[in-house]
Amino acid sequence: RIAIVSGSELLLMIQESAGFFYNLSTQQPSSKGTVTWPRKVVACAAAGHYILGSTGVGQVDVFGVRDQKNCQTLTMQGAVVSICSAFGGRAIVASEGSLTCLDPVPFERQIKKLLLQARIADALDLLNSTFAPEDPSRESQLSRLHALAGWGLFRDLQFSKAFQHFMYSSDVKVARVLVFWRRYLPLAWDPAAVGGKPTADDGAPEPCEIEEFIRAQLMEKQGSAEQPSASASAVSANVGMANAALVSFLLRQREALLSQEHGQASKDPGQLLPAVDTALLKLLIETDEDDTRLQRLLEGGVRCVIEDLESFLRERQRPDVLARLCKVHGRHEMVLQEWSTMLRDGGGVATSTGGQKAPRFPTAQIVAEMVAALCAAARAPGGAELLRSYVPLLLKVNPAAVLPVFTTGTPGRPSGPLASSEVLELLTDHGELVRGFLEHLVASKEGAEPRHFVQLALGYLTQVADEQKESGEAVSAASSSRRKLLNFLEESSSLDIATLLPRVEGMGLLQEKVVLFSRSVQHSEALRVLVEDLNDLPRAEIYCRLVEEKLKRASRPQDRRERPQAEPSIFSDEPPQWARGIVFGLRKKADAAPASQPSSAPSAAPKRAAVGASGSHGDEQGGETRPMMLFLQVLLGAFLGAEQRPGEYPKVAAEYKEAALSLLMGYAGHSDLPTHEVVGVLPASWPLECLAGYFSKCARLCLHERRSSMFEESLSSMAYLKTFGAWATERMRKVTMDKEKCCPTCNRRFVGQDNVAKAFVAYPNETCVHLQCKEDLSVCPKTGQNFADNLSMYCSALCADAGDR
């Protein structure tokens, strides 16, 4: 016996009471199990998704095609003779006494009956057996099943499971669920506009408030004889579970709505999101013990209307949420009002699990929120008034947090909506903030005036003075405040030396004094401080080399046109290689005490009269600055001073004399130290014996320079004669053309019938071609020889290239 199950599958009876499925597409038995009847089958047929078979005793057994299980047994009048399939999934059963038509129960009726009995697994099995995976209507039927199952569980107060089914159904409208939480929604929101209107076949109950719905369902289940207190507690517990389940459902639905917003679904998500966000915020505030999910929702941005939530948030004492909502809508004034109120109230009040009241928000967090709001308000209209109103409050609580308000200005307005003078007036009593704001102004190079540079330098000096006063001793040159001051004095584009120098001298800051003298082009004074006060001869030599390089760069026009580069620091621990000294060099850090130890106090550095040879008090001689000559003059002045007042100098006279001689030996022949001028500044008391080595080296260098110049002159004359001779030889070469000579490329004569020669190119191998026939001026077209590298060196010296030749 054979029964046609579908277009590609058959049921073959392999035994009297058993059959198996055979797949026509694969020509193999199907993976389905066998169908077994209790006795010998006398008639069988396939109708829809069922196999009907009879054993001939008036009984018809119905098996499901999907699971091969007996799902129904029917009794007929008399013995069954035959069974055949009919249109619409029906089956005709012929018995000895009757002819019966079996009509399948409609799928919708079966599904509803199973779901009313909460037999969701059976309903899902029915759907799977009715609709194959490739059936196009399976998806819609599965979605409807989840919707009906969800509403059935919703009626049964199993909210968590109900919302799980809602998640799998596209037929459930979020608005249809939200109408049960009407008091959590915006007042002007219309659920009918976004699919919240009830329909006849959606399976949902009539909308009402969730408390009333739960109370009615409990009364229907338990009856009205229950005590009112117990009923109220049961309603409250079920409402809590319903709210918690709704929060999880809305959080997932919100993600889907946000992803659909750009796709523009059938119902505009933009109309539904405000209601979802409003309900979520209220439910999270009511149900969550901690604010983790609430904070995550606020950080992601919400679409709520502030007026729909303001009274609720104030009633729940959550001004922090109200402030963040105002921040999203750009209401900076309202944001600052809420946070400032919380700041004055001590951070808001929250009840802990132990019943003790503690601040909900720490002061640091409130200050950070106010600073962020002020930074945003500074770029909006009316920001100046908000800064004037709330910055003083923050300065009283946490001054260090206020600086970003004025240092995050927009381009063109580095100080924000307030003028820099007004900002400085606000920050007057906070020196650290004043310095920070001035640093921002100077670094931005917009709106910075010369007085700001002076103020910043004085601020650094005040900071150093405060540190000296606090510690009772001089501040180390390696400290952060001294390094910051030194770097600023070296790199600042505008300084008032006359104002800063007396203050620096009064505090005994020797390194800073050197920098100021250098900036004012008083190189001799700077060298005098390095030699006599700091006792740092290596640094003095580095200073001279830096000044020399700076003068060379200023004298070269091409360097002046280039973008100026940052100059190396005078007191850098690692100066450039070209700036390192060749006489004194840099001492090791362990030995470089004068350069790294604190400078002496004003009382420890008595003023000394400048002592030196005549003509040594000016930085310029003959209109030219010569740093090495100034260095020598300072050393000689220190030598004379140490001889007269040995207690006022860090070295004895003999050491200064040795240093001066070492400088002369190391830089003998230097352009800054011409020998005849050096002799004029040397002390008369120095014997010729100590200067013999210097004079001998100068003589050798002078003789070497003279001989080198003579040799170069001779070479130049010889080269000129050879070059001129080669040039003359090249010019004497000539080419003779007769009427029979032809171009090897085009085979045409060079001289026409009119006795006029055409333009031609002559190569060194005496090959001639027409000018228009040459391919490369340096390559002979006849032999392929390249003459590009065959030019005489003398012709190159005469600037004669191949084209000229």
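As the structure is a prediction and not an experimental result, all values here were calculated from the model.

What about the pairing of strand β10 (residues 80-85)?
(1) Moving on: Where β10 lies against strand β11 (residues 91-95), five bridges are found, and the strand directions are antiparallel. The partner of isoleucine 83 across the bridge, within β11, is valine 93.
(2) Moving on: Here β10 folds back onto β11 in antiparallel fashion, the turn holding five residues, of which glycine 88 has a positive phi close to 75°.

Structural notes on the packing of helix α27 (residues 653-666) against helix α29 (residues 688-732)
Helix-helix packing: each pair is described by the crossing angle between the helix axes and the interaxial distance.
(1) Moving on: Put simply, α27 and α29 touch, their axes get as near as 9 Å, and they point 15° apart. In this view, α27 runs roughly parallel relative to α29, as classed from their interaxial angle. Remark: the crossing between α27 and α29 carries left-handed chirality. Where α27 abuts α29, its residues Lys657, Leu661, Leu664 and Met665 lie against Cys690, Leu691, Gly693, Tyr694 and Lys697.
(2) Moving on: For the contact of α27 with α29, the residue count by class is six nonpolar, one polar and two charged.

What about unusual backbone geometry?
(1) Moving on: At glutamine 27, a position not held by glycine, the phi torsion is positive, near 60°.
(2) Moving on: Within the secondary structure layout, glutamine 27 lies in the loop between β3 (18-23) and β4 (28-29).

Let's talk about the layout of surface pockets
(1) Moving on: Its boundaries defined by the atoms lining it, the second largest pocket holds a volume of some 860 Å³.
(2) Moving on: What lines the second largest pocket is a set of 29 residues, and nearest its centre among them are Tyr50, Cys71, Gln72, Gln110 and Leu126.

Focus: the sheet that holds β11
(1) Moving on: One open sheet accounts for three strands, arranged β10-β11-β12; its pairing is antiparallel. Of all strands in the sheet, those with a lone pairing partner are β10 and β12 (99-102), marking the two edges. Between one strand axis and the next, the sheet turns by 20° as a mean value, whatever way the strands run.
(2) Moving on: The pairing of β11 with β12 spans four bridges and is antiparallel. Residue isoleucine 92 lies in a different strand from β12, and its bridge partner there is cysteine 101.

Thresholds applied
- Residues numbered from 1 in each chain as written.
- Predicted model: local features only at pLDDT ≥ 70, side-chain atom pairs only at ≥ 80, totals over all residues.
- Heavy atoms only, no water.
- Pairing = 2+ DSSP bridges.
- Helix = DSSP H or I, 4+ residues; strand = E, 2+ residues; numbered from the N terminus.
- Axes fitted to C-alpha atoms, helices over the stretch in contact; angles between N-to-C directions.
- Parallel < 35°, antiparallel > 145°, perpendicular 65-115°, else oblique.
- Left-handed = near helix turned anticlockwise from the far one by under 90°.
- Contact = heavy atoms within 4.5 Å.
- Nonpolar A, V, L, I, M, F, W, Y, C, P; charged D, E, K, R; others polar.
- 1 Å grid on protein atoms, 1.4 Å probe; cavity = no way out; pocket = protein on both sides within 12 Å on 5 of 7 lines; lining within 4 Å.
- Points joined across faces, edges and corners; volume = space filled by probe spheres on them.

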